[in-house]
Amino acid sequence: MAEAKRLERLEAMRSLLKSEMEKSETFSLVLNKTGSKLEEINHELSSLEADVKVEKWRCSPFSDHIRHTIAPISAVLRVFSSVQELEISLMSSDEVLGYVSEVKRLGEAMKLLSSSCVLALNWLEETIEYLTEKGMPQDHPCGLRFKTSIGLLRELQMTEPRAYLKGGILYTALKNLRTEFKRILEEEQVLSEDSLRNLQAIIKRLHAHTQLKKCVPVYIKVRTKVIQKQLEIDYLERTITEADNVHGIEGDIDQWRLHMEIAVKEIYEVERKLCYDVFEDVGENVPLRCFGKIASNSGILSLLRFGSRISKCKKDPPKLLKLLDCFSTMDNIRIEFNQLFQGEQCSEIRRVTRELISNLVKGVCEIFWELPCQVELQRPNCPLLDAVNAHEQYRDYYAALYVKESWGNLLSLLTNKAQPTSSSSSAVKRKRVRESIKRTLQDFSKGFDDIYTKQSNWVVEDDKLRWKICQAMVRTVVPRYKSYLQSYIMLLAEEDPTSDSTKHLYYTPKGLEMKLTTMFQRREEETEKRNQYSNFVNRVMDLGINQNSHSTLEAI
């Protein structure tokens, strides 16, 4: 009776499976090709299980070994039944996350089916070998049925590989996921939280089935088009020559500056974050490569190249102002730009950017040195007061820019102050702080010498510009250095009250000022000024300090 009920349940399950398969044309085609074969396998395995349980084999001398084979065969049947149930469940799923979950469960069940078949096959083959060695006749019914079942199990073992072939159930399911992935990307330029979760789930499942390489190009293509639409700008195709006046493209330049900031700080920043969100579970290299390819093909290169073309227009004072404005824009986005465009895929972006900066600086320098002559030439024709005022204004700007680029890193040494100590601090702690201060002063002096030596041959012919640059250096470098010394000179003096605490100082603040004010001059002028200051410098360096006197500190 139990056996009959069991067979009835199997028949009922087959009927249910058949009726459900008819609801989906795709899956019905798949199962029509293999259904009869699976039914044959199921029937044969069920018959085997039933036969080895009948009474007539219980008295057989081989009954124990035969019974041991029942467990793996039964396991195969149970897993096969689960696979059939999951196929039905997959077809009835109507939302993305549920569908992804069913695909995962079906894939795992098929793997389990394959491994169960391997186990059952091993049991059957070893059992046949053992029973044959023990004298079981070649025509023994169980032996014959075992051999038949081996072929059927091998057939069933191919269920998983066939599922991934074209027309197979997992092939179709993964294709459906890729289709849904593309649909979400195309329909939503700004992804909602639900859509983002769906994309993440799809990517994770496709990655588990080694399908990632099929959806990454789709993502890159769709998102590239989205950004291209945002950066459809007419002026980017404009040709600029030396005959063009900056007034004719002034509006385009202002628009370019605005678009550069929007592109870097808004469009590409958001796009980079989206790449890392969508591909967060598949490793860092994938989102990095995706973003690099999207950026390189979506318009940023056209923006950068237009900026380079600005430097080609006619040289005049207004062009100087615009080039400096462009340089200022690039400086404002520098940090975000460097963070965004990393990796091999962005190498062309970085190269074009370096070319843009080089062209801007070169264009500024060319106009800057010629500006006084142009002002003199144009003075009889029109009162270019604004252009002259702009010249004075950008002398200050250019001087400040030079100081920032040349001396900024060196001055950063003096911002890392040693931990302050009180009179009650331990001697060991105060000694450690003194050593730190000495190293800082040594590093600063070495860095100062390196910069001074490198730029010692530079000459600025314009007296006003040279004076402004030197004054900018003095105002920036000397107060910072002096403040640092004032904070720690007394601590250095504690090392040996009887000795000169300035022995650790390669430069006094006054000595730095004198060297800085003699830079960028012609050799003869520089030598003359150095001779004038030499005695005074020696006197400053000879000043001493002890615990009862603050003479050196006051000099500093």
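These figures come from a predicted structure and were not determined experimentally.

Here's the deal with the overall build of the chain
Along its length, the chain carries 21 helices and 0 strands. Considering the chain as a whole, with its 556 residues, one finds that 45% of them fall into the buried category. A fraction of 80% describes how many contacts in the chain between residues 6 or more apart in sequence connect residues 24 or more apart.

Here we look at the packing of aromatic side chains
Scanning the model with the defined rule gives 11 aromatic pairs in all. Connected via pairs of aromatic rings, a cluster forms that spans Tyr268, Phe291, Phe337 and Phe341. Positioned above the aromatic ring of tyrosine 452 is the side chain of lysine 515, whose terminal nitrogen or guanidinium carbon lies 4.2 Å from the ring centre.

Overview of the pattern of salt bridges
Overall, the coordinates contain 24 salt bridges when judged by the stated rule. For glutamate 187, the salt bridge identified is with arginine 183, shortest N-O distance 2.6 Å. One end of the pair, glutamate 187, and the other, arginine 183, are both in helix 7 (residues 169-187), 4 residues apart, so they sit about a helical turn from each other. Overall, arginine 183 belongs to the partly exposed group, its relative accessible area being 34%. Overlapping salt bridges bring together Arg305, Glu348, Arg351 and Glu355 as one network.

Re helix 4 (residues 96-133)
Taking 1.5 Å per residue as the helical rise, helix 4 with its 38 residues ought to reach 56 Å, and the 56 Å between its terminal C-alpha atoms agrees with that figure. With a side-chain oxygen positioned 3.2 Å from the backbone nitrogen of leucine 97, the residue opening helix 4 is glutamate 95. Of the residues one or two after helix 4, glycine 135 is the one with positive phi, at around 100 degrees.

Side note on the packing of helix 4 against helix 8 (residues 193-208)
As a packed pair, helix 4 and helix 8 sit with axes 10 Å apart at the nearest point and diverge in direction by 15 degrees. With respect to each other, helix 4 and helix 8 are oriented roughly parallel. Judged by the sense of rotation from one axis to the other, the crossing of helix 4 with helix 8 is left-handed. Judged by residue contacts, Val96, Leu97, Val100, Val103 and Lys104 of helix 4 engage Arg197, Asn198, Ala201, Ile202 and Arg205 from helix 8.

Some points on the confidence of the model for the chain
Fine structural detail should not be taken from predicted coordinates in areas where pLDDT scores are low. In this model, the chain carries an average pLDDT of 77, and 73% of its residues clear a pLDDT of 70 or more. This model gives residues 16-35 a pLDDT under 50, and the stretch forms 21 contacts once residues within four places in sequence are excluded. Within the model, pLDDT remains below 50 along residues 533-556, and this stretch shows 37 contacts once partners closer than five positions in the same chain are excluded.

Quick look at the side chain of arginine 309
Mapped onto the secondary structure, arginine 309 falls in helix 12 (residues 300-310). No salt bridge is formed by the buried arginine 309. Its closest oppositely charged neighbour is glutamate 237, at 6.3 Å. At a separation of 3.1 Å, a polar atom in the side chain of arginine 309 contacts the main-chain carbonyl oxygen of arginine 238. Residues contacting arginine 309, with those up to four places away along its chain left out, are Tyr235, Leu236, Glu237, Arg238 and Ile240.

Section: the environment of lysine 362
Mapped onto the secondary structure, lysine 362 falls in helix 15 (residues 347-378). With 51 residues separating them in the primary sequence, lysine 362 and serine 311 have C-alpha atoms 8.4 Å apart.

Side note on the layout of surface pockets
Reported here for the largest pocket is a volume of approximately 840 Å³. Phe327, Ile357, Val361, Leu401 and Glu405 are the residues nearest the centre of the largest pocket, which is lined by 28 residues in total. Take the lining of the largest pocket: its biggest share by element is 9 residues, from helix 15. Tallied by class, the residues present in the lining of the largest pocket amount to 19 nonpolar, 3 polar and 6 charged.

Thoughts on the nonpolar core
In this structure, Trp256, Tyr268, Phe279, Leu303, Phe341, Trp407 and Met473 are the most contacted members of the largest nonpolar core, which totals 133 residues. Residue contributions to this core peak at 15 residues, all from helix 18 (residues 463-493). Filtering out sequence-adjacent residues up to four positions away, methionine 473 remains in contact with Tyr402, Val403, Trp407, Val478, Leu516, Met519 and Phe520.

Looking at the packing of helix 10 (residues 250-278) against helix 13 (residues 317-332)
Close contact between helix 10 and helix 13 brings their axes to 10 Å; oriented N to C, the two are set at 5 degrees. In terms of orientation, helix 10 lies roughly parallel with respect to helix 13. Side by side, helix 10 and helix 13 meet where Glu250, Ile253, Asp254, Trp256, Arg257, Met260, Glu261 and Lys265 of the first sit next to Lys322, Asp325, Cys326, Thr329, Met330 and Asn332 of the second. Looking at the contact of helix 10 with helix 13 residue by residue, the classes come out as 5 nonpolar, 2 polar and 7 charged.

Some thoughts on unusual backbone geometry
Backbone geometry at threonine 210 places phi at a positive 55 degrees, although glycine is not the residue there. Relative to the helices and strands, threonine 210 resides in the loop between helix 8 and helix 9 (212-230). With a phi close to 65 degrees, phenylalanine 520 is a non-glycine residue in the positive phi region.

A look at the side chain of glutamate 180
Inspection of the secondary structure puts glutamate 180 in helix 7. Leaving out residues up to four positions away in the same chain, glutamate 180 has contacts with Val96 and Ile202.

Criteria and thresholds
- Residues numbered from 1 in each chain as written.
- Predicted model: local features only at pLDDT ≥ 70, side-chain atom pairs only at ≥ 80, totals over all residues.
- Heavy atoms only, no water.
- Helix = DSSP H or I, 4+ residues; strand = E, 2+ residues; numbered from the N terminus.
- Buried < 20%, exposed > 50% of the residue type's maximum accessible area, 1.4 Å probe, protein only.
- Contact = heavy atoms within 4.5 Å.
- Phe/Tyr/Trp six-rings, centres within 6.5 Å; stacked < 30°, edge-to-face > 60°.
- Lys NZ or Arg CZ within 6 Å of the ring centre and 35° of its normal.
- Salt bridge = Lys/Arg side-chain N within 4 Å of Asp/Glu carboxyl O.
- Expected span 1.5 Å × (residues − 1).
- Polar contact = N/O pair within 3.5 Å; in protein donor to acceptor, adjacent residues only side chain to side chain.
- Axes fitted to C-alpha atoms, helices over the stretch in contact; angles between N-to-C directions.
- Parallel < 35°, antiparallel > 145°, perpendicular 65-115°, else oblique.
- Left-handed = near helix turned anticlockwise from the far one by under 90°.
- pLDDT = per-residue confidence, 0-100.
- Lys, Arg positive; Asp, Glu negative; His and termini not counted.
- 1 Å grid on protein atoms, 1.4 Å probe; cavity = no way out; pocket = protein on both sides within 12 Å on 5 of 7 lines; lining within 4 Å.
- Points joined across faces, edges and corners; volume = space filled by probe spheres on them.
- Nonpolar A, V, L, I, M, F, W, Y, C, P; charged D, E, K, R; others polar.
- Core = buried A, V, L, I, M, F, W, Y, C linked by side-chain atoms within 4.5 Å.

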